[in-house]
Amino acid sequence: GRRPPPLPPSAMQLSCTAPGVVARCLCSHPRLPLYLVGSDGVVQCWQFGQSVQGLGLHDHLRAQYALPVGTASGHHATSVRFSPCGELFGCIDTTGRVGLWRLGGARPDSLERAPPYAQMRCLSRGADLCFVDSPVVVAAAGSSGGAEEPSLCVWDALLPPGRSVVASCAAHPEGGVCVSYLPSEGVLLSGGAGGEVVVFDLRQRRLRHRWSAHALGVRTLACGDGGSCFTASADGDLKLWDISRPGTPLAHWPRVHEPHTASPLFHPVGTSIGRTYGVNCMIEEGGRLITGGADGRLLCHCF
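All residue numbers refer to positions counted from 1 along the written sequence of the respective chain. The predicted origin of the model limits local features to residues at a pLDDT of at least 70 and limits the giving and counting of side-chain atom pairs to 80 or more, whereas totals for whole chains, interfaces and linings rest on all residues. Hydrogen atoms and water are omitted, and side-chain values are computed over all heavy atoms in the structure.

> How would you summarise the side chain of S134 if you had to cite specific residues and measurements?
Checked against the element boundaries, S134 lands in the loop between strand 10 (125-131) and strand 11 (137-143). As used in this structure description, the phrase polar contact means that two N or O atoms lie within 3.5 Å; if the pair is within protein, one of them must be able to donate a hydrogen and the other to accept it, and residues adjacent in sequence are counted only when both atoms belong to side chains. A polar contact is formed between the side chain of S134 and the backbone nitrogen of V136, at a distance of 3.2 Å. Helix and strand assignments come from DSSP, with helices taken as H or I runs of at least 4 residues and strands as E runs of at least 2, each series counted from the N terminus.

Pasting the structure below:
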């Protein structure tokens, strides 16, 4: 096939380097030119391209934040999110610990790793989190060691530790993978490793719907308008659902991204041998859906 055209020089000069840091998860600030990088034992805050004399544009490391105390060595961040207004951010790691930090809580001149101002171990294995109407209320998805144990929980950081988990349920027998909040409906949407999607009613503190959405695990989901949601799976499929009438998708796009199975010969950082990866991330914004996959492609879908 034809070679793609080379990038213009200005595009090739935009770069950042962080020796010894493996980027496990990313999140951009809702208003400022900042983004977070979750890694092994640390979350870093970077500022988008600043001009460096003779070197073009380089991202600038602004601050570092230590993962919650008690995180064992070898464990890392699995998801990092800014609060809706961007004044706080949260992170969940592989041990199920959730931490909250104030964005200005670290000294940019020293780059010391600032600890979280609030933390809680909600699950035994953490996968994803999102904020729920407030910068101090967080929903987390993961697992707690058994099919009947909580895999979806809601944590209020202002309450005493013994009462801070205000809602939980055993939503996913094989563990939760992703979670998103739909404010217009007052519900949480979460996808599981078994391919199921769950709608959790926050007002009534109970499961509203559960259905089998994909043959393989749900990797990511995105909320649309009017009570709709997109789900994407490890087999590369993308589907659109109406959460008030689950069970049959409104639309189905098979193999949007070609799935790849990690093997001992090809085992990128952050993947597990024998596990299949299709669609890895997805964002819905302004009538467009952007997906990234294990095939190395970034796609923009317009609806």
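> Residues and numbers for the sheet that holds strand 11, please.
Pairs of strands are assigned from DSSP output, requiring at least two bridges between the strands. The strand order across the open sheet formed by four strands is 10-11-12-13, and the pairing between neighbours is antiparallel. Each edge of the open sheet is held by one strand with a lone partner, namely strand 10 and strand 13 (165-169). Between one strand axis and the next, the sheet turns by 20° as a mean value, whatever way the strands run. Pairing geometry for strand 10 and strand 11, over six bridges, is antiparallel. Lines fitted to C-alpha atoms define the axes, with helix axes restricted to the stretch in contact, and inter-axis angles between N-to-C directions lie between 0 and 180 degrees.

> I'd like a rundown of the pairing of strand 12 (residues 152-156), residues and numbers included.
Only protein chains enter the calculation, and the probe is 1.4 Å; a residue is then buried if its accessible area is under 20% of its type maximum, exposed if over 50%, and partly exposed in between. Of all five residues that make up strand 12, five are buried, and the element is covered over most of its length. Of the two faces of strand 12, the one holding L152, V154 and D156 and the one holding C153 and W155 are both buried throughout. Relative to strand 12, strand 11 runs antiparallel, the two being bridged by five bridges. Residue pairing in the sheet places A139 in a bridge with V154 of strand 12. Bridge count between strand 12 and strand 13: four bridges; the pairing is antiparallel. Considered in strand 13, the bridge of C153 is made with S168.

> So what's going on with the sheet that holds strand 17 (residues 206-212)? Which residues, and what values?
Taken together, four strands build an open sheet; the order of strands is 14-15-16-17 and the sheet is antiparallel. Bordering the open sheet on either side are strand 14 (176-182) and strand 17, each of which pairs with just one other strand. Direction aside, the axes of adjacent strands within the sheet are offset by 20° on average. Two elements, strand 15 (residues 187-192) and strand 16 (residues 196-201), share five bridges in a ladder whose sense is antiparallel. Paired with L188 across the two strands is F200, which belongs to strand 16.

> How would you sum up the packing of aromatic side chains? Please name residues and give values.
Between the rings of Phe, Tyr and Trp (Trp by its six-membered ring), a pair exists once the centres lie within 6.5 Å; its type follows the angle of the planes, with under 30 degrees stacked, over 60 edge-to-face, and the other angles tilted. Scanning the entire structure with this criterion turns up six aromatic pairs. A centroid spacing of 4.8 Å and a plane angle of 40° characterise the contact between Y35 and F48, whose relative ring orientation is tilted. In this pair, Y35 is assigned in strand 2 (residues 34-38) and F48 in strand 3 (residues 42-52), connecting sequence segments 13 residues apart. With relative accessibility at 9%, the residue Y35 sits in the buried group. Of the residues examined, F48 reaches a relative accessible area of 39% and is grouped as partly exposed. Taken together, a centroid distance of 5.4 Å and an interplanar angle of 55° make the contact between W211 and W241 tilted. Of this pair, W211 sits in strand 17 while W241 sits in strand 20 (residues 238-242); the two residues are 30 residues apart in sequence, bridging distant segments of the chain.

> Explain the pairing of strand 9 (residues 118-121) residue by residue, including any values.
Covered by surrounding structure in strand 9 are A118 and M120 only, the residues Q119 and R121 on the alternate face being uncovered. Both strand 7 (residues 97-102) and strand 9 contribute to a ladder of four bridges, which runs antiparallel. By the bridge assignment for strand 9, G99 is matched with Q119.

> Before we move on, can you summarise the confidence of the model for the protein chain with the specific residues and values?
Known as pLDDT, the predictor's per-residue confidence is scaled from 0 to 100. Averaged over all residues, the pLDDT of the protein chain equals 85, while 83% of them reach at least 70. The contact rule is simple, with two residues in contact once any of their heavy atoms fall within 4.5 Å. Long-range and interchain partners of residues 1-15, a stretch whose pLDDT sits below 50, account for eleven contacts in this model, where long-range means more than four residues apart.

> Now, about the pattern of salt bridges: what can you tell me, with residues and values included?
We count a salt bridge whenever a side-chain nitrogen from Lys or Arg sits within 4 Å of a carboxyl oxygen from Asp or Glu. A full pass over the atoms with the stated rule returns six salt bridges. The partner of R24 in a salt bridge is D40, and the shortest N-O contact between them spans 3.0 Å. Here R24 is found in the loop between helix 1 (9-12) and strand 1 (25-28), whereas its partner D40 is found in the loop between strand 2 and strand 3, with 16 residues between them in sequence. Taking relative accessible area as the criterion, R24 reaches 29% and is therefore assigned partly exposed.

> Residue-level account of the environment of Q44, with values.
Tracing the chain through its elements places Q44 in strand 3. On the accessibility criterion, Q44 (3% relative accessible area) is buried. Between the C-alpha atom of Q44 and that of R113, which follows or precedes it by 69 residues, the distance is 8.9 Å. At 3.0 Å, the side chain of Q44 forms a polar contact with the side chain of W46.

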